[in-house]
Amino acid sequence: MSRRAVRTLVAVLAVTAGLAAHAPANAQTGTDLAVPVLTLDQEELFLQSQFGQRLRADIEAAAGALEAENRKIETALVAEEQALTDRRPTMEMAEFRALAEAFDQKVKGIRERQDAKGRAITRETDTSQQMFFTRVGEVLTTIMRERGAVAILDQRAVFLSSDMIDITALAIARIDEVFGDGTQGAP
């Protein structure tokens, strides 16, 4: 480990120790501890808040509907292929080839359409998460202001921190309070 990394680690540990030293006094007074940087587990925030859970359920419902549609299409195509195979002995080879080629083109077209639907669901997942974080930004800003912080970092980007600066549970509770499942006042 480089000297700079060691100095940074020592500084973080000193700040963390300083935060811990102030914790009992703040806990007794019921005030929030003012710290310059807070952490947040973005994934947990999305997965555990009512709003995020509803968005996820909507996406899962769309994915499930697509999966059911794909199974139905597959069943129909298997039956069509079997019917074509059963007719083969009674057909001229050129006629069969033409029908088989048409069937292959039909399958390719269906596959392309269904793949496009799957990609659209993936895009919707990304869009939903972006919309979620945009809409809850005000709640996070309020928590940051209340705590006297200047930044909120994703926990995955932090090497070492005190649990005292993690606002994930608080943010989930506030988001649930403000947005519920996100259907009220949705754009």
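What comes next concerns the included structure.

Conventions we followed
Residues numbered from 1 in each chain as written. Predicted model: local features only at pLDDT ≥ 70, side-chain atom pairs only at ≥ 80, totals over all residues. Heavy atoms only, no water. Helix = DSSP H or I, 4+ residues; strand = E, 2+ residues; numbered from the N terminus. Contact = heavy atoms within 4.5 Å. Core = buried A, V, L, I, M, F, W, Y, C linked by side-chain atoms within 4.5 Å. Buried < 20%, exposed > 50% of the residue type's maximum accessible area, 1.4 Å probe, protein only.

### Here's the deal with the environment of Arg174
Next, step 1: With respect to the element layout, Arg174 can be found in helix H5 (residues 168-179).
Next, step 2: In sequence terms Arg174 and Ile143 are 31 residues apart; their C-alpha atoms lie 8.9 Å from each other.
Next, step 3: Not counting residues up to four positions away in its chain, the partners in contact with Arg174 are Val139, Thr142, Ile143 and Glu146.

### Remarks on the nonpolar core
Next, step 1: Membership of the largest hydrophobic core comes to 19 residues, with the highest contact counts inside it found for Leu45, Phe51, Phe132, Val136 and Ile175.
Next, step 2: Every element with two or more residues in this core is listed here: strand S1 (37-40), helix H2 (42-48), helix H3 (50-87), helix H4 (93-146) and H5.
Next, step 3: Among the elements that take part in this core, H4 stands out by supplying five residues, more than any other.
Next, step 4: Those residues in contact with Phe51, other than ones at most four positions away along the chain, are Met131, Phe132, Arg135, Val136, Ile175, Asp176, Phe179, Gly180, Asp181 and Gly182.
Next, step 5: Listed in part, the eight residues of the second largest apolar core include Leu77, Leu84, Ala100 and Ile110.

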